[in-house]
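Fold and contact review
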Amino acid sequence: MKNRDFTFWLFLTPVILGLSLVVVIPFIYGLFYSFTDWNGIKATTFLGFENYIKLFQDEEFRAALWFTIKFSVASVILLNILGLILALLVTRKLKSSNFLRTIFFMPNLIGGLILGFIWQFIFVSVFDDIGTALGIEALSGWLSTTNTGFWGLVILTCWQMAGYIMIIYIAYLQNIPNELIEASQIDGASSWQRFRNITFPLVAPAFTISMFLTLSTSFKIYDQNLSLTNGGPYNSTQMVAMEIVKTAFNENQMAFAQAKGVIFFLIVAVIAITQVYYNKKREVDM
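Cut-off values and rules
- Residues numbered from 1 in each chain as written.
- Predicted model: local features only at pLDDT ≥ 70, side-chain atom pairs only at ≥ 80, totals over all residues.
- Heavy atoms only, no water.
- Helix = DSSP H or I, 4+ residues; strand = E, 2+ residues; numbered from the N terminus.
- Buried < 20%, exposed > 50% of the residue type's maximum accessible area, 1.4 Å probe, protein only.
- Contact = heavy atoms within 4.5 Å.
- Areas by Shrake-Rupley, 256 points an atom, 1.4 Å probe, with all protein chains shown as cover.
- Lys, Arg positive; Asp, Glu negative; His and termini not counted.
- Charge placed at Lys NZ, Arg CZ, Asp CG, Glu CD.
- Phe/Tyr/Trp six-rings, centres within 6.5 Å; stacked < 30°, edge-to-face > 60°.
- Lys NZ or Arg CZ within 6 Å of the ring centre and 35° of its normal.
- UniProt positions renumbered as here; feature names shortened; annotations may be inferred.
- Core = buried A, V, L, I, M, F, W, Y, C linked by side-chain atoms within 4.5 Å.

1. Considering the overall build of the chain
For the chain, the count of helices and strands is 12 helices and zero strands. Counted from the first residue to the last, the chain has its helices and strands arranged as α-α-α-α-α-α-α-α-α-α-α-α. The C-alpha extent of the chain, read off along each of the three principal axes, is 75 × 70 × 30 Å. Expressed as a percentage of the 286 residues in the chain, the buried residues total 37%. For the chain, the proportion of contacts with a sequence separation of at least 24, taken over those separated by at least 6, is 69%. A total accessible area of about 16,900 Å² is found for the chain, and carbon and sulfur atoms account for 67% of it. Charged side chains in the chain number 18 positive and 17 negative. The centres of these two groups are separated by 9 Å.

Put into structure tokens, the structure is as follows:
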């Protein structure tokens, strides 16, 4: 830090200013309001930890948090597996590699709300027609149960983000020295042995980054949840972000919603930091 000159801080100032105005200062204000009876306009009474005590007694919030955790676990696992598989596919010497990269990445460019409505049409109308034509009852009534709503959200998220995660893995796969692969082939290593002993250890940093992104994104999903299931049936597929928004704007409990937001932030931060720390240690061990 001692070697930083005036130019460094001059260029860094807009970023620090923007981060402070958009993230740091609103967070501090929100933290303060979570201890009051703030109604979105003013706060008249300091309530202490009353909102937080009430939060842990809120069954709807606990149910939304548990659903979000299950969704995040399933999404993180599937997204990283799919992203790595797609990256391995398009880094092979295929004539269509560039075309496939474009196709796989394109869903990430579509907004979450639009994707939700597209997949809602697929799950409700297309699946129902296919199920009726083939006599498969399991395809009828999708999104009408908690289980199908859960997997509908997982499928939508994986379809949207797999291409983005693929790009991260590609960046590391392309940096693997060809000499290592050629030497392992000469030694008679199988494809699985090359992947396990060479490819996977060398893309471990990509796994750390991808897991952090998928974990944080999965926890914070709102627009896909809104457009695909709207939390139904009976709020059983409602995720934490949606539950907080409903508390704030449907029930007009701004301070209570802010307390939920603070707890949600702490949960996501602790999980994300723990994941990064653990994966960084594994990178060194590898």
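2. What about the packing of aromatic side chains?
Counted by the stated rule, this structure contains 20 aromatic pairs. When the centroid spacing of 5.2 Å and the interplanar angle of 15° are considered together, the rings of F123 and W142 count as stacked. Separated by 19 residues along the polypeptide, F123 in helix α5 (residues 112-134) and W142 in the loop between α5 and α6 (146-173) bring together distant segments of the chain. Across this residue pair, the class does not change: F123 and W142 are buried. For the pair F195 and F200, a centre-to-centre distance of 6.1 Å together with 50° between the ring planes defines the contact as tilted. Here F200 falls in the partly exposed class, since its relative accessible area comes to 26%. Taken together, the aromatic side chains of W119, F123, F127, W142 and W159 make up a single cluster linked through ring pairs. The ring of F256 has K54 sitting right over it, with the charged end atom 4.5 Å from the ring centre.

3. Topic: the side chain of T229
Looking at the secondary structure, you find T229 in the loop between α10 (223-228) and α11 (240-250). Not counting chain neighbours up to four residues away, the residues in contact with T229 comprise L143, G149, Q224 and T237.

4. Comments concerning the UniProt feature "domain: ABC transmembrane type-1" (unreviewed entry) in the chain
Taking the UniProt record as the reference, the feature "domain: ABC transmembrane type-1" (unreviewed entry) is found at residues 65-275. For the annotated span residues 65-275, helix accounts for 77% and strand for 0% of the residues, and the straight-line distance between the end C-alpha atoms is 19 Å.

5. Regarding the nonpolar core
Core analysis: the largest hydrophobic core is formed by 35 residues, its most contacted members being F71, F123 and L228. Mapped by element, the contributors of at least two residues to this core are α3 (59-90), α5 and α6. The element contributing the most residues to this core is α6, with 13 residues. With near-sequence residues (within four places) excluded, F123 lies in contact with D128, L139, W142, L143, G152, I155 and L228. The next biggest cluster of nonpolar side chains, apart from the first, holds 22 residues, and it includes L55, V76, M254 and V262.

6. Some remarks on unusual backbone geometry
A cis amide bond, omega -5°, links G232 with the succeeding residue P233. Turning to its location among the elements, P233 is positioned in the loop between α10 and α11. Backbone geometry places N230, a non-glycine residue, at a positive phi of 55°. Of note, N230 is situated in the loop between α10 and α11.

7. Concerning the UniProt feature "transmembrane region" (unreviewed entry) in the chain
In the UniProt entry, the feature "transmembrane region" (unreviewed entry) is given for residues 7-29, 64-90, 102-122, 150-172, 200-222 and 261-278. Secondary structure across residues 64-90 divides into 100% helix and 0% strand, with the first and last C-alpha atoms of the span separated by 37 Å. Split by type, residues 200-222 is 87% helix and 0% strand. Its first and last C-alpha atoms lie 33 Å apart.

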